[in-house]
Amino acid sequence: MADWSTDIDTKGYGGSSRNFAGLLIDPLVFFPTAILSLLVIAYSLIDPEGIGGAFLWHPQVRD
Amino acid sequence: MSTGNLLLIFCVVVAVSPLGRIRLGGKDARPDYSRLSWFSMLFGAGMGIGLVFYGVSEPVSHFTTSMAGGAAAPLSGAADDAAGARDLAMAATIFDWALHPWAMFAVTGLALAVFAYDFGMPLSMRSAFYPIFGKAVWGRLGDGIEVLAVFATIFGLATSLGLGAQQAMAGITFLYQISSSPASILGLIAIMAGITFLSVRGGIDRGIRILSELNMLVALGLLIFVLVTGPMRELLADLVRNIWVYLQNLPALANPVGREDTGFYRDWSVYYWAWWISWAPFVGMFMARISLGRTVREFIAGAMIAPSLLGILWLTIFGDASIAHIVAGDSAGLAKATLDQQLFVLLGALPWPQFTSFIAICLILIFFVTGWDSGTLVIDTMTSGGRTDTPLRQKAFWLFAVGGIGVMLLLTGGLTSLQAGSIATGLPLGLVLLLMCWGTLKGLLALHKAI
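Residues numbered from 1 in each chain as written. Chains lettered and ligands numbered in written order. Predicted model: local features only at pLDDT ≥ 70, side-chain atom pairs only at ≥ 80, totals over all residues.

Asks: So what about the overall build of chain B? Which residues, and what values?
Replies: A count of helical and extended segments in chain B gives 13 helices and zero strands. Secondary structure elements in chain B, listed N-terminal to C-terminal, are α-α-α-α-α-α-α-α-α-α-α-α-α. The principal-axis extents of the C-alpha atoms in chain B amount to approximately 65 × 45 × 35 Å. Residues counted as buried form 61% of the 451 residues belonging to chain B. (Helix = DSSP H or I, 4+ residues; strand = E, 2+ residues; numbered from the N terminus. Buried ≥ 20, exposed ≤ 12 C-beta atoms within 10 Å, placed from the backbone.)

Put into C-alpha coordinates, the structure is as follows:
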(Lines give C-alpha, C1' and ligand atoms only; values in the text may rest on other atoms or scores of the structure.)
Protein backbone atom coordinates (compact mmCIF):
# COMPACT_ATOMS: atom_id res chain seq x y z
CA MET A 1 0.00 0.00 0.00
CA ALA A 2 0.99 3.62 -0.40
CA ASP A 3 2.82 5.38 2.46
CA TRP A 4 -0.17 7.16 3.92
CA SER A 5 -2.17 3.91 4.04
CA THR A 6 0.38 1.98 6.08
CA ASP A 7 0.10 4.29 9.04
CA ILE A 8 -3.49 5.43 9.34
CA ASP A 9 -4.17 7.25 12.55
CA THR A 10 -7.81 8.06 13.24
CA LYS A 11 -7.41 8.86 16.93
CA GLY A 12 -7.96 12.53 16.25
CA TYR A 13 -11.44 11.98 14.85
CA GLY A 14 -14.27 12.44 17.27
CA GLY A 15 -11.77 13.65 19.84
CA SER A 16 -13.64 16.89 20.10
CA SER A 17 -17.00 15.13 20.58
CA ARG A 18 -18.64 16.16 23.80
CA ASN A 19 -21.63 15.33 25.90
CA PHE A 20 -23.33 18.70 26.03
CA ALA A 21 -26.56 18.90 28.01
CA GLY A 22 -27.30 15.29 27.16
CA LEU A 23 -26.48 15.72 23.47
CA LEU A 24 -23.55 13.85 21.87
CA ILE A 25 -22.03 16.48 19.60
CA ASP A 26 -18.88 17.66 17.90
CA PRO A 27 -19.10 21.31 19.02
CA LEU A 28 -16.99 22.68 16.16
CA VAL A 29 -19.42 21.25 13.62
CA PHE A 30 -22.66 21.21 15.59
CA PHE A 31 -22.74 24.77 16.87
CA PRO A 32 -21.94 26.67 13.63
CA THR A 33 -24.50 24.66 11.68
CA ALA A 34 -27.17 24.60 14.38
CA ILE A 35 -26.82 28.31 15.15
CA LEU A 36 -26.96 29.34 11.50
CA SER A 37 -30.01 27.11 10.92
CA LEU A 38 -31.81 28.68 13.87
CA LEU A 39 -30.79 32.16 12.66
CA VAL A 40 -32.30 31.49 9.22
CA ILE A 41 -35.55 30.38 10.87
CA ALA A 42 -35.55 33.32 13.31
CA TYR A 43 -34.75 35.81 10.53
CA SER A 44 -37.65 34.38 8.52
CA LEU A 45 -40.01 34.99 11.42
CA ILE A 46 -38.72 38.50 12.14
CA ASP A 47 -38.35 39.73 8.56
CA PRO A 48 -40.11 37.45 6.05
CA GLU A 49 -39.51 39.78 3.13
CA GLY A 50 -35.86 40.20 4.04
CA ILE A 51 -35.19 36.47 4.08
CA GLY A 52 -36.97 36.10 0.73
CA GLY A 53 -34.62 38.74 -0.67
CA ALA A 54 -31.55 37.20 0.95
CA PHE A 55 -32.21 33.94 -0.81
CA LEU A 56 -33.32 35.43 -4.08
CA TRP A 57 -31.10 33.98 -6.71
CA HIS A 58 -32.17 36.20 -9.56
CA PRO A 59 -35.32 38.18 -10.25
CA GLN A 60 -36.82 35.79 -12.78
CA VAL A 61 -39.46 33.72 -10.98
CA ARG A 62 -40.43 30.42 -12.52
CA ASP A 63 -43.28 29.35 -10.27
CA MET B 1 -21.09 22.52 -15.09
CA SER B 2 -17.48 21.45 -15.58
CA THR B 3 -17.51 19.94 -12.09
CA GLY B 4 -20.42 17.68 -13.02
CA ASN B 5 -18.68 16.59 -16.22
CA LEU B 6 -15.45 15.77 -14.39
CA LEU B 7 -17.29 13.76 -11.73
CA LEU B 8 -19.08 11.75 -14.42
CA ILE B 9 -15.82 11.03 -16.25
CA PHE B 10 -14.20 9.98 -12.98
CA CYS B 11 -16.98 7.46 -12.26
CA VAL B 12 -16.84 5.96 -15.74
CA VAL B 13 -13.04 5.65 -15.74
CA VAL B 14 -12.96 4.03 -12.29
CA ALA B 15 -15.80 1.61 -13.11
CA VAL B 16 -14.24 0.30 -16.32
CA SER B 17 -10.69 0.19 -14.95
CA PRO B 18 -9.28 -2.72 -12.89
CA LEU B 19 -10.10 -0.63 -9.79
CA GLY B 20 -13.74 -1.55 -10.44
CA ARG B 21 -13.07 -5.10 -9.20
CA ILE B 22 -12.26 -3.98 -5.66
CA ARG B 23 -14.93 -5.13 -3.19
CA LEU B 24 -16.00 -2.60 -0.56
CA GLY B 25 -15.13 -4.09 2.82
CA GLY B 26 -12.68 -6.68 1.48
CA LYS B 27 -13.04 -9.75 -0.74
CA ASP B 28 -15.09 -11.67 1.82
CA ALA B 29 -17.58 -8.89 2.55
CA ARG B 30 -21.18 -9.61 1.64
CA PRO B 31 -23.99 -7.09 1.06
CA ASP B 32 -26.40 -6.37 3.93
CA TYR B 33 -29.40 -5.76 1.67
CA SER B 34 -30.90 -7.48 -1.35
CA ARG B 35 -30.47 -5.70 -4.67
CA LEU B 36 -34.15 -4.65 -4.69
CA SER B 37 -33.98 -3.14 -1.18
CA TRP B 38 -30.65 -1.50 -1.99
CA PHE B 39 -31.93 0.02 -5.20
CA SER B 40 -35.23 1.15 -3.61
CA MET B 41 -33.38 2.95 -0.85
CA LEU B 42 -30.91 4.54 -3.28
CA PHE B 43 -33.61 5.83 -5.56
CA GLY B 44 -36.01 6.95 -2.84
CA ALA B 45 -33.33 8.85 -0.95
CA GLY B 46 -31.80 10.30 -4.11
CA MET B 47 -34.49 12.09 -6.01
CA GLY B 48 -37.95 10.85 -5.13
CA ILE B 49 -39.84 14.08 -4.51
CA GLY B 50 -38.01 16.02 -7.19
CA LEU B 51 -38.78 13.51 -9.89
CA VAL B 52 -42.47 13.49 -8.99
CA PHE B 53 -42.50 17.32 -8.90
CA TYR B 54 -40.63 17.90 -12.15
CA GLY B 55 -41.58 14.71 -14.05
CA VAL B 56 -44.44 16.52 -15.75
CA SER B 57 -43.54 20.17 -15.32
CA GLU B 58 -40.00 20.16 -16.67
CA PRO B 59 -40.73 18.45 -20.04
CA VAL B 60 -43.80 20.67 -20.43
CA SER B 61 -41.81 23.80 -19.65
CA HIS B 62 -39.00 22.88 -22.05
CA PHE B 63 -41.48 21.94 -24.74
CA THR B 64 -43.33 25.26 -24.57
CA THR B 65 -40.12 27.32 -24.51
CA SER B 66 -38.62 25.22 -27.33
CA MET B 67 -41.69 25.84 -29.46
CA ALA B 68 -41.18 29.58 -28.94
CA GLY B 69 -37.39 29.38 -29.36
CA GLY B 70 -34.87 31.75 -27.76
CA ALA B 71 -32.50 31.85 -24.80
CA ALA B 72 -35.00 30.31 -22.36
CA ALA B 73 -35.25 27.14 -24.44
CA PRO B 74 -32.72 24.31 -24.23
CA LEU B 75 -30.13 24.76 -27.00
CA SER B 76 -32.26 27.74 -28.14
CA GLY B 77 -35.22 25.49 -29.00
CA ALA B 78 -36.87 24.48 -32.27
CA ALA B 79 -39.37 27.22 -33.04
CA ASP B 80 -42.72 25.98 -34.41
CA ASP B 81 -41.36 22.45 -34.85
CA ALA B 82 -43.34 20.23 -32.46
CA ALA B 83 -41.25 17.10 -33.09
CA GLY B 84 -37.97 18.96 -32.70
CA ALA B 85 -39.23 20.77 -29.59
CA ARG B 86 -40.33 17.46 -28.07
CA ASP B 87 -36.91 15.93 -28.68
CA LEU B 88 -35.13 18.90 -27.14
CA ALA B 89 -37.51 19.00 -24.18
CA MET B 90 -36.93 15.34 -23.35
CA ALA B 91 -33.17 15.47 -24.00
CA ALA B 92 -32.80 18.49 -21.72
CA THR B 93 -34.98 16.97 -18.99
CA ILE B 94 -33.10 13.69 -19.04
CA PHE B 95 -29.83 15.60 -19.03
CA ASP B 96 -30.85 17.23 -15.75
CA TRP B 97 -31.90 13.94 -14.12
CA ALA B 98 -29.76 11.09 -15.48
CA LEU B 99 -26.07 10.19 -15.13
CA HIS B 100 -24.61 13.53 -13.99
CA PRO B 101 -26.49 13.85 -10.68
CA TRP B 102 -25.99 10.19 -9.92
CA ALA B 103 -22.28 10.55 -10.66
CA MET B 104 -22.14 13.28 -8.00
CA PHE B 105 -23.82 10.98 -5.50
CA ALA B 106 -21.69 7.99 -6.53
CA VAL B 107 -18.40 9.88 -6.11
CA THR B 108 -19.35 10.85 -2.56
CA GLY B 109 -20.76 7.44 -1.67
CA LEU B 110 -17.75 5.62 -3.10
CA ALA B 111 -15.30 7.83 -1.23
CA LEU B 112 -17.09 7.35 2.06
CA ALA B 113 -17.45 3.59 1.59
CA VAL B 114 -13.83 3.00 0.52
CA PHE B 115 -12.32 4.85 3.47
CA ALA B 116 -14.79 3.50 6.01
CA TYR B 117 -14.89 -0.16 4.99
CA ASP B 118 -11.40 -0.68 3.56
CA PHE B 119 -9.26 1.67 5.63
CA GLY B 120 -11.20 1.59 8.89
CA MET B 121 -11.73 5.34 8.91
CA PRO B 122 -14.89 7.07 10.16
CA LEU B 123 -17.85 7.26 7.78
CA SER B 124 -17.22 10.95 7.31
CA MET B 125 -16.60 13.33 4.40
CA ARG B 126 -13.24 14.27 5.84
CA SER B 127 -11.91 10.70 5.66
CA ALA B 128 -11.65 10.94 1.86
CA PHE B 129 -9.07 13.70 2.26
CA TYR B 130 -6.74 11.68 4.47
CA PRO B 131 -4.53 10.55 1.55
CA ILE B 132 -4.04 14.21 0.63
CA PHE B 133 -3.82 16.03 3.97
CA GLY B 134 -3.02 13.24 6.42
CA LYS B 135 -3.94 13.68 10.08
CA ALA B 136 -4.87 17.33 9.48
CA VAL B 137 -8.30 16.11 8.35
CA TRP B 138 -9.19 15.31 11.97
CA GLY B 139 -8.64 18.96 12.93
CA ARG B 140 -10.04 22.32 11.82
CA LEU B 141 -9.62 21.49 8.13
CA GLY B 142 -11.92 18.50 8.49
CA ASP B 143 -14.36 20.48 10.62
CA GLY B 144 -14.59 23.04 7.82
CA ILE B 145 -15.39 20.31 5.29
CA GLU B 146 -18.06 18.88 7.58
CA VAL B 147 -19.64 22.28 8.23
CA LEU B 148 -19.87 22.95 4.50
CA ALA B 149 -21.35 19.51 3.91
CA VAL B 150 -23.92 19.95 6.69
CA PHE B 151 -25.02 23.36 5.36
CA ALA B 152 -25.38 21.97 1.87
CA THR B 153 -27.36 19.01 3.15
CA ILE B 154 -29.70 21.18 5.20
CA PHE B 155 -30.51 23.49 2.30
CA GLY B 156 -30.69 20.73 -0.32
CA LEU B 157 -33.05 18.76 1.87
CA ALA B 158 -35.07 21.86 2.77
CA THR B 159 -35.53 22.55 -0.96
CA SER B 160 -36.90 19.07 -1.53
CA LEU B 161 -39.20 19.30 1.46
CA GLY B 162 -40.44 22.68 0.24
CA LEU B 163 -41.13 21.27 -3.22
CA GLY B 164 -42.86 18.23 -1.72
CA ALA B 165 -45.06 20.33 0.57
CA GLN B 166 -45.95 22.70 -2.27
CA GLN B 167 -46.92 19.91 -4.61
CA ALA B 168 -48.76 17.80 -2.03
CA MET B 169 -50.76 20.91 -1.12
CA ALA B 170 -51.51 21.52 -4.80
CA GLY B 171 -52.79 17.95 -5.01
CA ILE B 172 -54.93 18.36 -1.90
CA THR B 173 -56.35 21.58 -3.36
CA PHE B 174 -57.06 19.77 -6.63
CA LEU B 175 -58.75 16.86 -4.87
CA TYR B 176 -60.52 18.37 -1.89
CA GLN B 177 -60.71 22.08 -2.79
CA ILE B 178 -58.84 23.00 0.40
CA SER B 179 -57.15 26.24 -0.57
CA SER B 180 -53.38 26.44 -0.30
CA SER B 181 -52.39 28.97 2.36
CA PRO B 182 -49.47 29.36 4.79
CA ALA B 183 -51.63 27.83 7.52
CA SER B 184 -52.60 24.79 5.44
CA ILE B 185 -48.99 24.21 4.32
CA LEU B 186 -47.82 24.50 7.94
CA GLY B 187 -50.54 22.07 9.03
CA LEU B 188 -49.51 19.56 6.36
CA ILE B 189 -45.82 19.82 7.28
CA ALA B 190 -46.66 19.48 10.99
CA ILE B 191 -48.47 16.20 10.30
CA MET B 192 -45.57 14.98 8.15
CA ALA B 193 -43.11 16.00 10.86
CA GLY B 194 -44.97 13.79 13.31
CA ILE B 195 -44.86 10.82 10.94
CA THR B 196 -41.17 11.45 10.15
CA PHE B 197 -40.40 11.60 13.85
CA LEU B 198 -41.92 8.14 14.29
CA SER B 199 -39.86 6.91 11.33
CA VAL B 200 -36.66 8.40 12.80
CA ARG B 201 -37.45 6.67 16.09
CA GLY B 202 -37.84 3.38 14.22
CA GLY B 203 -34.31 3.56 12.74
CA ILE B 204 -33.01 2.74 9.28
CA ASP B 205 -34.30 -0.82 9.04
CA ARG B 206 -37.82 -0.43 10.35
CA GLY B 207 -38.43 3.10 9.12
CA ILE B 208 -36.75 4.04 5.86
CA ARG B 209 -36.49 0.55 4.37
CA ILE B 210 -40.16 -0.32 4.74
CA LEU B 211 -41.32 3.07 3.50
CA SER B 212 -38.86 3.05 0.57
CA GLU B 213 -39.98 -0.35 -0.64
CA LEU B 214 -43.63 0.62 -0.24
CA ASN B 215 -43.04 3.78 -2.23
CA MET B 216 -41.27 1.97 -5.05
CA LEU B 217 -44.38 -0.16 -5.45
CA VAL B 218 -46.67 2.88 -5.37
CA ALA B 219 -44.45 4.73 -7.90
CA LEU B 220 -44.37 1.66 -10.15
CA GLY B 221 -48.16 1.35 -9.98
CA LEU B 222 -48.66 5.01 -10.95
CA LEU B 223 -46.11 4.68 -13.74
CA ILE B 224 -47.86 1.63 -15.19
CA PHE B 225 -51.23 3.35 -14.90
CA VAL B 226 -50.13 6.41 -16.89
CA LEU B 227 -48.43 4.13 -19.43
CA VAL B 228 -51.47 1.88 -19.91
CA THR B 229 -54.07 4.67 -19.99
CA GLY B 230 -51.90 6.90 -22.18
CA PRO B 231 -50.64 6.26 -25.71
CA MET B 232 -48.76 3.13 -24.58
CA ARG B 233 -47.18 2.07 -27.84
CA GLU B 234 -45.95 5.58 -28.62
CA LEU B 235 -44.63 6.02 -25.08
CA LEU B 236 -42.62 2.80 -25.24
CA ALA B 237 -41.19 3.81 -28.62
CA ASP B 238 -40.40 7.23 -27.13
CA LEU B 239 -38.28 5.56 -24.46
CA VAL B 240 -35.69 4.40 -26.98
CA ARG B 241 -35.93 7.66 -28.90
CA ASN B 242 -35.42 9.71 -25.74
CA ILE B 243 -32.27 7.83 -24.81
CA TRP B 244 -31.00 8.42 -28.33
CA VAL B 245 -31.80 12.17 -28.39
CA TYR B 246 -30.32 12.52 -24.91
CA LEU B 247 -27.04 10.92 -26.00
CA GLN B 248 -27.09 12.90 -29.23
CA ASN B 249 -27.52 16.23 -27.41
CA LEU B 250 -25.40 15.36 -24.37
CA PRO B 251 -22.17 17.05 -25.60
CA ALA B 252 -24.00 20.30 -26.42
CA LEU B 253 -26.04 20.28 -23.20
CA ALA B 254 -22.99 19.51 -21.07
CA ASN B 255 -20.86 22.17 -22.73
CA PRO B 256 -20.21 24.94 -20.18
CA VAL B 257 -18.80 27.60 -22.54
CA GLY B 258 -20.29 29.85 -25.21
CA ARG B 259 -23.92 28.95 -24.45
CA GLU B 260 -26.64 30.98 -26.14
CA ASP B 261 -29.47 29.33 -24.17
CA THR B 262 -28.54 31.25 -21.02
CA GLY B 263 -32.09 31.18 -19.63
CA PHE B 264 -32.28 27.41 -19.74
CA TYR B 265 -28.71 26.98 -18.59
CA ARG B 266 -29.13 29.26 -15.57
CA ASP B 267 -32.72 28.49 -14.61
CA TRP B 268 -32.50 24.75 -14.93
CA SER B 269 -29.06 23.19 -15.30
CA VAL B 270 -27.13 25.36 -12.84
CA TYR B 271 -29.92 25.14 -10.29
CA TYR B 272 -30.25 21.38 -10.64
CA TRP B 273 -26.58 20.67 -10.45
CA ALA B 274 -26.10 22.84 -7.39
CA TRP B 275 -29.10 21.09 -5.85
CA TRP B 276 -27.65 17.67 -6.65
CA ILE B 277 -24.28 18.65 -5.21
CA SER B 278 -25.97 19.87 -2.05
CA TRP B 279 -27.59 16.44 -1.80
CA ALA B 280 -24.30 14.58 -2.39
CA PRO B 281 -23.12 14.32 1.25
CA PHE B 282 -26.52 13.07 2.33
CA VAL B 283 -27.18 10.62 -0.49
CA GLY B 284 -23.51 9.60 -0.62
CA MET B 285 -23.39 8.79 3.08
CA PHE B 286 -26.63 6.92 2.83
CA MET B 287 -25.34 4.99 -0.21
CA ALA B 288 -22.14 4.12 1.64
CA ARG B 289 -24.01 2.90 4.72
CA ILE B 290 -26.02 0.40 2.70
CA SER B 291 -23.33 -0.69 0.20
CA LEU B 292 -20.90 -2.83 2.17
CA GLY B 293 -19.92 -5.90 0.12
CA ARG B 294 -20.59 -4.40 -3.34
CA THR B 295 -17.71 -4.17 -5.79
CA VAL B 296 -16.69 -0.68 -6.89
CA ARG B 297 -18.01 -1.44 -10.38
CA GLU B 298 -21.31 -2.74 -9.04
CA PHE B 299 -21.58 0.27 -6.76
CA ILE B 300 -21.06 2.78 -9.58
CA ALA B 301 -23.33 0.90 -11.98
CA GLY B 302 -26.00 0.46 -9.32
CA ALA B 303 -25.74 4.04 -8.18
CA MET B 304 -25.49 5.62 -11.63
CA ILE B 305 -26.91 3.57 -14.47
CA ALA B 306 -29.87 1.82 -12.85
CA PRO B 307 -31.40 4.96 -11.26
CA SER B 308 -30.75 6.90 -14.48
CA LEU B 309 -32.67 4.32 -16.51
CA LEU B 310 -35.55 4.36 -14.06
CA GLY B 311 -35.52 8.16 -14.14
CA ILE B 312 -35.61 8.14 -17.95
CA LEU B 313 -38.54 5.71 -17.86
CA TRP B 314 -40.43 7.95 -15.44
CA LEU B 315 -39.67 11.13 -17.38
CA THR B 316 -40.60 9.50 -20.68
CA ILE B 317 -43.95 8.24 -19.51
CA PHE B 318 -45.00 11.36 -17.61
CA GLY B 319 -43.22 13.85 -19.85
CA ASP B 320 -44.16 12.42 -23.21
CA ALA B 321 -47.75 11.74 -22.09
CA SER B 322 -47.96 15.44 -21.11
CA ILE B 323 -46.43 16.69 -24.34
CA ALA B 324 -48.73 14.39 -26.35
CA HIS B 325 -51.68 15.89 -24.48
CA ILE B 326 -50.55 19.43 -25.30
CA VAL B 327 -49.92 18.60 -28.95
CA ALA B 328 -53.43 17.08 -29.14
CA GLY B 329 -54.97 20.41 -28.13
CA ASP B 330 -54.35 20.60 -24.36
CA SER B 331 -57.99 20.31 -23.36
CA ALA B 332 -57.00 20.12 -19.67
CA GLY B 333 -54.94 23.32 -19.73
CA LEU B 334 -51.70 21.55 -18.79
CA ALA B 335 -49.36 24.11 -20.33
CA LYS B 336 -50.97 26.96 -18.39
CA ALA B 337 -51.05 25.25 -14.98
CA THR B 338 -48.45 26.12 -12.35
CA LEU B 339 -45.50 23.77 -11.88
CA ASP B 340 -46.89 22.18 -8.72
CA GLN B 341 -50.31 21.54 -10.30
CA GLN B 342 -49.21 20.04 -13.60
CA LEU B 343 -48.95 16.43 -12.37
CA PHE B 344 -52.53 16.59 -11.12
CA VAL B 345 -53.77 18.26 -14.28
CA LEU B 346 -52.24 15.38 -16.28
CA LEU B 347 -53.83 12.79 -13.98
CA GLY B 348 -57.09 14.72 -14.28
CA ALA B 349 -57.04 14.10 -18.03
CA LEU B 350 -56.75 10.32 -17.50
CA PRO B 351 -59.32 7.85 -16.09
CA TRP B 352 -60.06 7.76 -12.32
CA PRO B 353 -58.46 11.13 -11.59
CA GLN B 354 -59.65 11.22 -7.96
CA PHE B 355 -58.06 7.88 -7.13
CA THR B 356 -54.79 8.45 -8.99
CA SER B 357 -54.38 11.96 -7.59
CA PHE B 358 -54.84 10.55 -4.10
CA ILE B 359 -52.17 7.92 -4.84
CA ALA B 360 -49.85 10.63 -6.20
CA ILE B 361 -50.26 12.67 -3.02
CA CYS B 362 -49.44 9.57 -0.95
CA LEU B 363 -46.36 9.00 -3.11
CA ILE B 364 -45.12 12.55 -2.54
CA LEU B 365 -45.78 12.36 1.17
CA ILE B 366 -43.96 9.04 1.59
CA PHE B 367 -40.97 10.38 -0.35
CA PHE B 368 -41.24 13.37 1.94
CA VAL B 369 -40.90 11.17 5.02
CA THR B 370 -38.08 8.96 3.68
CA GLY B 371 -36.03 11.95 2.48
CA TRP B 372 -36.54 13.90 5.69
CA ASP B 373 -35.84 10.85 7.84
CA SER B 374 -32.63 9.72 6.13
CA GLY B 375 -31.40 13.32 5.76
CA THR B 376 -31.91 13.95 9.45
CA LEU B 377 -29.89 10.86 10.37
CA VAL B 378 -27.01 11.90 8.10
CA ILE B 379 -26.88 15.47 9.47
CA ASP B 380 -26.99 14.10 12.99
CA THR B 381 -24.08 11.74 12.29
CA MET B 382 -22.01 14.51 10.69
CA THR B 383 -22.53 16.93 13.57
CA SER B 384 -21.84 14.40 16.31
CA GLY B 385 -18.36 13.31 15.22
CA GLY B 386 -19.60 10.16 13.52
CA ARG B 387 -21.77 8.92 16.38
CA THR B 388 -24.89 6.97 15.50
CA ASP B 389 -26.03 6.46 19.08
CA THR B 390 -27.15 10.03 19.64
CA PRO B 391 -30.27 10.65 21.72
CA LEU B 392 -33.62 10.92 19.99
CA ARG B 393 -34.06 14.58 20.93
CA GLN B 394 -30.83 15.40 19.09
CA LYS B 395 -32.19 13.79 15.93
CA ALA B 396 -35.47 15.59 16.54
CA PHE B 397 -33.61 18.91 16.67
CA TRP B 398 -32.25 18.40 13.14
CA LEU B 399 -35.56 17.10 11.90
CA PHE B 400 -37.28 20.31 12.96
CA ALA B 401 -34.39 22.57 11.91
CA VAL B 402 -34.45 21.22 8.35
CA GLY B 403 -38.24 21.31 8.22
CA GLY B 404 -38.25 24.82 9.67
CA ILE B 405 -35.90 26.17 7.02
CA GLY B 406 -37.88 24.46 4.26
CA VAL B 407 -41.15 25.92 5.53
CA MET B 408 -39.74 29.40 6.03
CA LEU B 409 -38.08 29.62 2.64
CA LEU B 410 -41.19 28.25 0.97
CA LEU B 411 -43.54 30.67 2.71
CA THR B 412 -41.33 33.74 2.32
CA GLY B 413 -39.91 33.38 -1.15
CA GLY B 414 -41.46 30.35 -2.80
CA LEU B 415 -39.59 28.08 -5.12
CA THR B 416 -37.05 30.75 -6.04
CA SER B 417 -35.80 31.08 -2.46
CA LEU B 418 -35.55 27.32 -2.11
CA GLN B 419 -33.53 27.12 -5.32
CA ALA B 420 -31.25 29.96 -4.26
CA GLY B 421 -30.60 28.28 -0.91
CA SER B 422 -29.49 25.12 -2.70
CA ILE B 423 -27.25 27.00 -5.09
CA ALA B 424 -25.59 29.10 -2.39
CA THR B 425 -24.55 25.99 -0.47
CA GLY B 426 -24.15 23.51 -3.32
CA LEU B 427 -21.71 25.27 -5.58
CA PRO B 428 -18.85 25.63 -3.05
CA LEU B 429 -19.23 21.97 -2.18
CA GLY B 430 -18.61 21.10 -5.85
CA LEU B 431 -14.95 22.02 -5.43
CA VAL B 432 -14.77 19.76 -2.37
CA LEU B 433 -16.16 16.86 -4.42
CA LEU B 434 -13.49 17.34 -7.09
CA LEU B 435 -10.77 17.12 -4.47
CA MET B 436 -12.54 14.10 -3.04
CA CYS B 437 -12.04 12.31 -6.38
CA TRP B 438 -8.29 12.73 -6.00
CA GLY B 439 -8.34 11.29 -2.48
CA THR B 440 -10.56 8.39 -3.54
CA LEU B 441 -8.32 7.58 -6.48
CA LYS B 442 -5.32 7.44 -4.17
CA GLY B 443 -7.26 5.15 -1.84
CA LEU B 444 -8.36 2.81 -4.62
CA LEU B 445 -4.85 2.66 -6.09
CA ALA B 446 -3.47 1.77 -2.66
CA LEU B 447 -6.03 -1.03 -2.31
CA HIS B 448 -5.36 -2.30 -5.82
CA LYS B 449 -1.64 -2.35 -5.17
CA ALA B 450 -2.17 -4.30 -1.96
CA ILE B 451 -4.25 -6.94 -3.80
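Still more to cover.
Asks: Can you explain the overall build of chain A? Please cite residues and give values.
Replies: Looking only at helices and strands, one finds three helices and two strands in chain A. Put simply, chain A has 63 residues, and 22% of those count as buried.

Asks: If you had to explain the nonpolar core to someone new, which residues and values would you point to?
Replies: What tends to happen in soluble globular proteins is that the nonpolar side chains get buried as a cluster. All names here are of chain B. By size, the foremost hydrophobic cluster in this structure holds 168 residues, and its most contacted members are Cys11 and Val107. Sort the elements by how many residues they give to this core and helix H13 (residues 392–450) lands first, with 19 residues. Sequence-distant contacts of Val107, that is, excluding residues within four places in its chain, are made with Leu7, Phe10, Cys11, Leu433, Met436 and Cys437. (Core = buried A, V, L, I, M, F, W, Y, C linked by C-beta atoms within 7 Å. Contact = placed C-beta atoms within 7 Å.)

Asks: Just give me the short version of the environment of Pro31 of chain B, but keep the residues and values in it.
Replies: Position of Pro31 of chain B among the secondary structure elements: in the loop between helix H1 (2–16) and helix H2 (35–68). Taking the C-alpha atoms as reference points, Pro31 of chain B and Ile290 of chain B, 259 residues apart in sequence, are found 7.9 Å from one another.

Asks: For the interface of chain A and chain B, give the residues involved together with the corresponding values.
Replies: In this complex, chain A contributes 38 residues to the contact, which on the side of chain B involves 49 residues. Elements with a minimum of two residues in the side of chain A that touches chain B: helix H1 (3–6), strand E2 (23–25), helix H2 (27–46) and helix H3 (48–54) of chain A. Ranked by residues supplied to the side of chain A that touches chain B, first place goes to H2 of chain A with 11 residues. Split by residue class, the side of chain A that touches chain B holds 22 nonpolar, 12 polar and four charged. (Nonpolar A, V, L, I, M, F, W, Y, C, P; charged D, E, K, R; others polar.)

Asks: Before we move on, can you summarise the packing of H1 of chain B against helix H10 (residues 296–327) of chain B with the specific residues and values?
Replies: All names here are of chain B. As a packed pair, H1 and H10 sit with axes 8 Å apart at the nearest point and diverge in direction by 140 degrees. Our classification of the angle between H1 and H10 gives oblique. Crossing geometry of H1 relative to H10 is assigned as left-handed. Residues Cys11, Val14 and Ala15 of H1 pack against Val296, Arg297, Ile300, Ala301 and Met304 of H10. Here the contact of H1 with H10 is built from residues that sort into seven nonpolar, no polar and one charged. (Axes fitted to C-alpha atoms, helices over the stretch in contact; angles between N-to-C directions. Parallel < 35°, antiparallel > 145°, perpendicular 65-115°, else oblique. Left-handed = near helix turned anticlockwise from the far one by under 90°.)

Asks: Break down the confidence of the model for chain B for me, with residues and values.
Replies: The share of residues in chain B with pLDDT of 70 or more is 96%, and the mean pLDDT across the chain is 88. The ipTM for the predicted assembly is 0.82, set against a pTM of 0.88. (pLDDT = per-residue confidence, 0-100.)

Asks: Any details on the packing of helix H6 (residues 140–176) of chain B against helix H12 (residues 353–382) of chain B? Residues and values, ideally.
Replies: Residues and elements named next belong to chain B. One way to put it is that H6 packs onto H12 with a least axis distance of 9 Å and a crossing angle of 165 degrees. One element, H6, and the other, H12, form an angle in the roughly antiparallel class. Crossing of H6 over H12 shows left-handed handedness. Split by residue class, the contact of H6 with H12 holds 20 nonpolar, nine polar and one charged.

Asks: Tell me about unusual backbone geometry, residues and numbers included.
Replies: Residue and element names in this part refer to chain B. The backbone of Leu75 sits at a positive phi, close to 50 degrees, despite the residue not being glycine. Note that Leu75 resides in the loop between H2 and helix H3 (82–97). Of the residues examined, Leu75 has 18 C-beta atoms within 10 Å and is grouped as partly exposed. The phi dihedral of Trp352 falls on the positive side, at around 50 degrees, and the residue is not glycine. Mapped onto the elements, Trp352 comes out in the loop between helix H11 (342–348) and H12. Classification of Trp352 by C-beta neighbours within 10 Å gives exposed; the count is 12.

Asks: Tell me about helix H8 (residues 232–254) of chain B, residues and numbers included.
Replies: All names here are of chain B. With 23 residues, H8 extends 31 Å from end C-alpha to end C-alpha; this agrees with the ideal 33 Å at 1.5 Å per step. The principal kink in H8, of about 40 degrees, is found at Gln248, preceding the proline Pro251 by one to four residues. Within the sequence span of H8, burial applies to Leu235, Asp238, Asn242, Val245, Tyr246 and Leu253. (Expected span 1.5 Å × (residues − 1). Bend = angle between axes of the 7 residues up to and from the residue.)

Asks: Explain the environment of Gln354 of chain B to me, using residue names and the numbers behind them.
Replies: Mapped onto the elements of the fold, Gln354 of chain B is located in helix H12. C-alpha of Gln354 of chain B to C-alpha of Phe53 of chain B: the two residues are 301 residues apart in sequence and 18 Å apart in space.

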